[in-house]
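An overview of the molecular structure
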Amino acid sequence: MTSFDVTTHVRTELLDITDKVKDAVVQSKVASGMCFVYVPHTTAAVTVNEGYDSDVARDITEALSKLVPHRASYAHSEGNSDAHIKAAIVGSCQAIPVEEGRLALGRWQGVFFCEFDGPRQRRVQVQVIGK
Amino acid sequence: MTSFDVTTHVRTELLDITDKVKDAVVQSKVASGMCFVYVPHTTAAVTVNEGYDSDVARDITEALSKLVPHRASYAHSEGNSDAHIKAAIVGSCQAIPVEEGRLALGRWQGVFFCEFDGPRQRRVQVQVIGK
Amino acid sequence: MTSFDVTTHVRTELLDITDKVKDAVVQSKVASGMCFVYVPHTTAAVTVNEGYDSDVARDITEALSKLVPHRASYAHSEGNSDAHIKAAIVGSCQAIPVEEGRLALGRWQGVFFCEFDGPRQRRVQVQVIGK
């Protein structure tokens, strides 16, 4: 398993980490299998979505913020319940196939770290399983 | 890794692909492990849910469309931001256990391809890992 | 693959199953790989989120219930369409890395069984893959 750092700059954003995940797959020397991108945080997530037009990432963060508002009558006292809820909705692990030693993303797909309670220094773990 | 095509017929629907996933598991000759159903698209997803009463699939698509409306003030100019957002919520990969050489779904579970921007010709990839 | 039972006590709750998942990983004797926690039900789910302050789990269940109300004009006649929809949003499988023979959760992370149509007797399956 390898890992890398991600620095986020605002409270809520999707950061394209595709190249770092691709590098981890090449380093793993696995020819065929699955790559797992894991976020060890409880107010962030990971997803695969369009990597070509950055407006898509913005639409996703804004839609999630409409569904789960930052300020509401939450029980948790740290003021970031919305971030925990968004993390539960999007998910903390993304699985992606590996073929011929490379990350087998679809044509328009990129891998995104989802920051819901930044800005922070974050960590992403990548595990590749196969042959 | 194997793959198969899916033809969707309307803009938003859940299509039962359980039999095709089961076939891919049998072909893999893996006795015990995990099956990964991956969607290489950014406006579609995959999930496991009730396969017995098709009303459940309809309730899921309608509830998602209420949460994420087709027409709203999105940044992305292609008119399908709702589909990208739904894909981020439902997810592009579904993992399912494999036992005794077969897909180990729960009694009422089926595997569904989630079309959010159809109708289209789509592709589903299946990777099975184990022994 | 191993499995264990979970008894839920109300209609909607998040139950901390971290210790049982940790035990399953130790029993698997896998040193490095991935752990998959799978829910074979269609009105329940599994997620990783904060395990320290139980208010977070309550905020997650309440936020989901606001997004997907129990009573609405659903097609499915069993009165639990909300539970099926929440299961599709949160997901029926959670992948977590395994390192040095142990579940490699982040510092604040715990594993939660998500009951959306309880109280019931439920089952959780754990598959660990690696070396």
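So, here's what we can say about the structure. For every chain, the first residue of its written sequence is number 1, and the numbers climb from 1 along that sequence. Whichever chain is written first is A, and whichever ligand is written first is 1; the rest continue in order. Restriction of local features to residues with pLDDT of at least 70 applies here, the model being predicted, together with a cutoff of 80 or more for giving and counting side-chain atom pairs; totals for whole chains, interfaces and linings are based on all residues. Only hydrogens and water are set aside when side-chain values are computed; all heavy atoms of the structure are taken into account.

**Overview of the relation of the copies chain B and chain A**
In superposing the copies, a least-squares fit is computed on C-alpha atoms, taking residues whose pLDDT is at least 70 in both. Placing chain B over chain A gives an RMSD of 0.0 Å and needs a rotation angle of 120°, together with 0.0 Å of translation along the axis. Look at the turn and shift together and you get a three-fold axis relating the two. The C-alpha atom lying nearest the rotation axis in chain B is that of Ile89 of chain B; the distance is 3.4 Å. Here a residue-residue contact requires only that any non-hydrogen atoms of the pair lie within 4.5 Å. Each copy contacts the other with its own distinct surface, as only 17% of the interface residues of chain B are interface residues in chain A too.

**Things to note about empty space enclosed by the protein**
Each cavity reported here is a set of points on a 1 Å grid over the protein atoms alone in which a 1.4 Å probe fits but cannot get out, each pocket an open set with protein on both sides within 12 Å along at least five of seven lines, and each lining residue one with an atom within 4 Å of a point. Grid points are joined across faces, edges and corners, and a volume is the space filled by probe spheres set on the points. Per the stated rule, a full pass over the model turns up four cavities of 30 Å³ or more. The space that makes up the largest cavity amounts to roughly 430 Å³. As for the largest cavity, its lining consists of 32 residues, and the residues nearest its centre are Val90 and Cys93 of chain A, Val90 and Cys93 of chain B together with Cys93 of chain C. Its residues placed into classes, the lining of the largest cavity shows 20 nonpolar, 12 polar and no charged. Forming the walls of the second largest cavity are Asp59, Glu62, Ala63 and Lys66 of chain A together with Ser73 and Tyr74 of chain B. For the lining of the second largest cavity, the residue count by class is two nonpolar, one polar and three charged. Residue polarity follows a fixed list, in which Ala, Val, Leu, Ile, Met, Phe, Trp, Tyr, Cys and Pro are nonpolar, Asp, Glu, Lys and Arg are charged, and the others, Gly among them, are polar.

**Things to note about the interface of chain B and chain A**
On the chain A side, the residues contacting the 24 residues of chain B number 33 residues. Criterion for a salt bridge: a side-chain nitrogen of Lys or Arg within 4 Å of a carboxyl oxygen of Asp or Glu. Counting across the chain B and chain A interface gives zero salt bridges. Whenever two N or O atoms come within 3.5 Å, that pair is a polar contact, provided that in protein one can donate a hydrogen and the other can accept it, and provided that, for residues adjacent in sequence, both atoms are side-chain atoms. Taken together, the links from chain B to chain A amount to 11 residue pairs in polar contact (both at pLDDT 80 or more). Elements represented by at least two residues in the side of chain B that touches chain A include exactly β3 (33-38), α3 (81-90) and β8 (121-130) of chain B. The secondary structure listing takes helices from DSSP runs of H or I that are at least 4 residues long and strands from runs of E that are at least 2 residues long, numbered from the N terminus. Among the elements that take part in the side of chain B that touches chain A, α3 of chain B stands out by supplying six residues, more than any other. Considering only residue class, the side of chain B that touches chain A consists of 15 nonpolar, nine polar and no charged.

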